[in-house]
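Next come the chains, spelled out residue by residue.
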Amino acid sequence: MCKSILAIKRLGVVGAITFILSSCNYINQYFQSSANNTSKEDSIAQQLTKDFVNPDSLDYLEDSVLLDTTEAKKDTVSGERLVDTVFQKETEKPVVEKTSRKKAYRAELVDKPKHIYITFDDGPLLGSSSIDSIISAKNIKSSVFLVGKHANMSKRLYKDYEKYASNPLIECYNHSYSHANHHYEKFYSDPDNVLKDFDTNQNYFELPHKIARMPGRNIWMLDSLSYVDIKGSRRAAEVLHENGYNIYGWDVEWRINGVTGVPDRPLAQVYKEIKNLIDKQQSLVANNVVLLMHDDMFRNEKGQQLLAGLIDSLHQHPDYHFEYIRDYPKKY
Ligand SMILES: [Zn+2]
């Protein structure tokens, strides 16, 4: 079952039973929420923000138990996170030595730079030109995941895409051509078509990097880590990855109503969530936090002010640095 390779290895037999039960509960809750609403990225993000199992914290559990590699090898898992190279294991070392090594590593991270990845999905849409202006005014790096179909809808939107493409602070990446036409289950049931759709978008925008975000899904698939939120999407993600794409999800999502400018939660709360992930080293990779927003959130001036305000809040920290997704994760 879910996440169980790592869990069993790290928790031993008794701990593993407890962990598996809690994991099943997590996945059941997750699937219940997503089955009812597969088109909502916000429910995915909220659930993940709440329930993310930090690989670092799993690693910490490993310190207190002996590994059971036989059990782990038996497991065939899908819908799980495998973080094998972020923290390389040295299973032969004594437990005490491992514990102090991990603690020392964590303590070291506190004094290292922190990396924030501001990302916008679904552009170009109404709101994109405001993003372009705010990013320029604040002089920070950011990443946009583009949808070709949207650029093709009007000359104005295509021009907004051109603004992105010519802005040295913005890097353009691939969010599929069709955005699954908002029928996600159907889309992911045909992995070859998913690849075709991403390739079409890649060529449409002439994107220089094979960097993707999956529509309607929080999926990570890099050489160093793999996480899939909804099991049925795994094969499509694998096909993309096998064809050279790195796939990026997010740690935190912020939603703002594009028409009214009303956010799903206050700026101060989102800022605090990001800061907590950093302070507690609870993001997917410690000291690296990916924030997801959407282009259509910034049509209204209120929404634009919120974006500027969040950037200013994060900028208060001289050790926070804004990065392009291409450079994720920053290591030392
Ligand atoms: Zn999207």
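So, how was this worked out
Residues numbered from 1 in each chain as written. Predicted model: local features only at pLDDT ≥ 70, side-chain atom pairs only at ≥ 80, totals over all residues. Helix = DSSP H or I, 4+ residues; strand = E, 2+ residues; numbered from the N terminus. Buried ≥ 20, exposed ≤ 12 C-beta atoms within 10 Å, placed from the backbone. Contact = placed C-beta atoms within 7 Å. Core = buried A, V, L, I, M, F, W, Y, C linked by C-beta atoms within 7 Å. Axes fitted to C-alpha atoms, helices over the stretch in contact; angles between N-to-C directions. Left-handed = near helix turned anticlockwise from the far one by under 90°. Nonpolar A, V, L, I, M, F, W, Y, C, P; charged D, E, K, R; others polar. Expected span 1.5 Å × (residues − 1). Arc of directions from axis to C-beta. Pairing = 2+ DSSP bridges. Right-handed = clockwise from strand over helix to strand, strands pointing away.

A. Region of interest: the overall build of the chain. In terms of helices and strands, the chain carries 13 helices and 11 strands. Expressed as a percentage of its 332 residues, the buried residues of the chain come to 40%. Long-range pairs, those at least 24 residues apart, make up 80% of the contacts in the chain with a sequence separation of at least 6.

B. Quick look at the nonpolar core. With 64 residues, the main nonpolar core has Ile 247, Ile 274, Val 289 and Leu 291 as its most contacted residues. For this core, the element with the most residues is strand β10 (residues 288-294), which contributes 5 residues. Residues contacting Ile 247, with those up to four places away along its chain left out, are Ala 212, Arg 213, Met 214, Ile 219, Trp 220, Met 221, Ala 237, Leu 240 and His 241.

C. Spatial organisation of unusual backbone geometry. Between Gly 123 and Pro 124 the backbone carries a cis peptide bond, its omega angle lying at 0°. Mapped onto the elements of the fold, Pro 124 is located in the loop between β2 (114-123) and α6 (128-138). Look at the link from Tyr 328 to Pro 329: it is a cis peptide, with omega at -15°. If you trace the backbone, Pro 329 turns up in the segment after β11 (320-322). Positive phi outside glycine occurs at Asn 139, with the angle close to 55°. Relative to the helices and strands, Asn 139 resides in the loop between α6 and β3 (142-146). Positive phi values are uncommon outside glycine, yet Glu 206 reaches one of about 50°. Tracing the backbone shows Glu 206 in the loop between α10 (191-205) and β5 (211-212). Overall, the presence of 8 C-beta atoms within 10 Å leaves Glu 206 in the exposed class.

D. Seen up close, α6. Of the residues making up α6, those classed as buried are Ser 128, Ser 129, Ser 130, Ile 131, Asp 132 and Ile 135. Against the buried residues of α6 lie β2, β3, α8 (155-166), β4 (170-174) and α13 (301-315). Positive phi appears at Asn 139, one or two residues downstream of α6, with a value of about 55°.

E. View of the pairing of β4. Counted residue by residue, β4 has 5 buried out of 5 residues, so it is predominantly covered. Residues of β4 alternate between two faces, with Ile 170, Cys 172 and Asn 174 on one and Glu 171 and Tyr 173 on the opposite face, all of them buried.

F. Representation of the packing of helix α12 (residues 267-279) against α13. Here α12 crosses α13 at 40°, and the two axes come no closer than 10 Å. The interaxial crossing formed by α12 with α13 has right-handed handedness. Contact residues: α12 offers Leu 267, Val 270, Tyr 271 and Ile 274, while α13 offers Leu 306, Gly 309, Leu 310, Ser 313 and Leu 314. Split by residue class, the contact of α12 with α13 holds 7 nonpolar, 2 polar and no charged.

G. Up close: α12. For α12, built from 13 residues, the straight-helix expectation of 18 Å at 1.5 Å per residue is met to within 8% by its first-to-last C-alpha distance of 18 Å. Where α12 is concerned, the buried positions are Val 270, Ile 274, Leu 277 and Ile 278. Axial view of α12: buried residues confined to an arc of 105°, hence all on one face. Exposed side chains of α12 directed beyond 90 degrees from the buried face belong to Ala 268, Gln 269 and Asp 279. Looking at the buried residues of α12, the elements they touch are β2, β9 (252-253), β10 and α13. A positive phi of about 55° marks Gln 281, the residue just after α12.

H. Quick peek at the pairing of β2. Burial within β2 is extensive, with 10 of its 10 residues counted as buried. Bridging between β2 and β11 involves 3 bridges; their strand directions are parallel. Paired with Lys 114 across the bridge in β11 is Tyr 320. Judged from the 7 bridges that link them, β2 and β10 form a sheet pairing that is parallel. Bridge pairing in β10 places Tyr 117 opposite Val 290. The β-α-β motif built from β2, the intervening α6 and the parallel element β3 has right-handed crossover chirality.

I. Layout of the environment of His 209. With respect to the secondary-structure elements, His 209 resides in the loop between α10 and β5. Each C-alpha atom of the pair His 209 and Asn 246 lies 9.1 Å from the other, and the pair is 37 residues apart in sequence. Here His 209 is in contact with Tyr 173 and Arg 326, once residues within four sequence places are set aside.

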